Amino acid sequence: MSTDVGFSGDETAPFFGFIGAAAALVFSCMGAAYGTAKSGVGVASMGVMRPELVMKSIVPVVMAGVLGIYGLIIAVIISTGINPKAKPYYLFDGYAHLSSGLACGLAGLSAGMAIGIVGDAGVRANAQQPKLFVGMILILIFAEALALYGLIVGIILSSRAGQSRGE
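Structural notes, computed from the coordinates. (Residues numbered from 1 in each chain as written. Predicted model: local features only at pLDDT ≥ 70, side-chain atom pairs only at ≥ 80, totals over all residues. Heavy atoms only, no water.)

Before going further, it helps to examine the packing of aromatic side chains. Applying the stated criterion to the full structure yields two aromatic pairs. Ring geometry for F15 and F16: centres 5.4 Å apart, planes at 75°, overall edge-to-face. Classification of F15 by relative accessible area gives exposed; the value is 52%. Within the aromatic cluster, the residues linked to one another by ring pairs are F15, F16 and Y95. The ring of F133 has K56 lying over it, and the distance from NZ or CZ to the ring centre is 4.5 Å. (Phe/Tyr/Trp six-rings, centres within 6.5 Å; stacked < 30°, edge-to-face > 60°. Buried < 20%, exposed > 50% of the residue type's maximum accessible area, 1.4 Å probe, protein only. Lys NZ or Arg CZ within 6 Å of the ring centre and 35° of its normal.)

Running from amino to carboxyl end, helix α1 (residues 13–49) crosses helix α3 (residues 91–128) at an angle of 5°, the nearest separation of the two axes being 7 Å. In this view, α1 runs roughly parallel relative to α3, as classed from their interaxial angle. Taken together, the residues of the contact of α1 with α3 sort by class into 24 nonpolar, 16 polar and three charged. (Axes fitted to C-alpha atoms, helices over the stretch in contact; angles between N-to-C directions. Helix = DSSP H or I, 4+ residues; strand = E, 2+ residues; numbered from the N terminus. Parallel < 35°, antiparallel > 145°, perpendicular 65-115°, else oblique. Nonpolar A, V, L, I, M, F, W, Y, C, P; charged D, E, K, R; others polar.)

Here S100 is to be found in helix α3. Note: C-alpha distance between S100 and A161 (61 residues apart in sequence) is 9.8 Å. In contact with S100, other than residues within four places in its own chain, are I74, I78, G154, I155, L157 and S158. (Contact = heavy atoms within 4.5 Å.)

Counting residues in hydrophobic clusters, the biggest one holds 25 residues, and the most contacted among them are L67, Y70, I74, I115, M136 and L140. Broken down by secondary-structure element, the contributors of at least two residues to this core are α1, α2 (59–80), α3 and α4 (133–160). If sequence neighbours within four positions are ignored, L140 has contacts with V59, P60, M63, I115, V118 and G119. (Core = buried A, V, L, I, M, F, W, Y, C linked by side-chain atoms within 4.5 Å.)

Now for the environment of V26. Looking at the secondary structure, you find V26 in helix α1. For V26, a relative accessible area of 46% gives the class partly exposed.

Here is the structure:
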């Protein structure tokens, strides 16, 4: 317990909560950046051969960009839940927020890597064989679902904060 009159809970707990918020945003944005860059290179390469397919091939870039939004959502949920002067914030709460941020952030990072690799190869293959477009989109949807799983688990873990002392 702190000697500060307005603070209640564990003094180090907010550190873990804020690290969770940062991890959610940073790792998700790293996945979004990698996916955007990797599939963007494929779109640029494909656009040289078949410029009429560029707009159709932007799908992986858009799907990768959405990953950063998932991290932003979790970071906002976590950061609004950290207010030790209004409500006690214990280590359980900090760890719940840390695990929430890591779940969402690392799922976003892995989904971004999958989207980037599939998007790069997929748009290049689509330029040569248009029948591959639907298959590429399905693979991209399953890769995006990985990040959605992380977002859902992150929301569930984040909602556990505040339940440590029978509140």
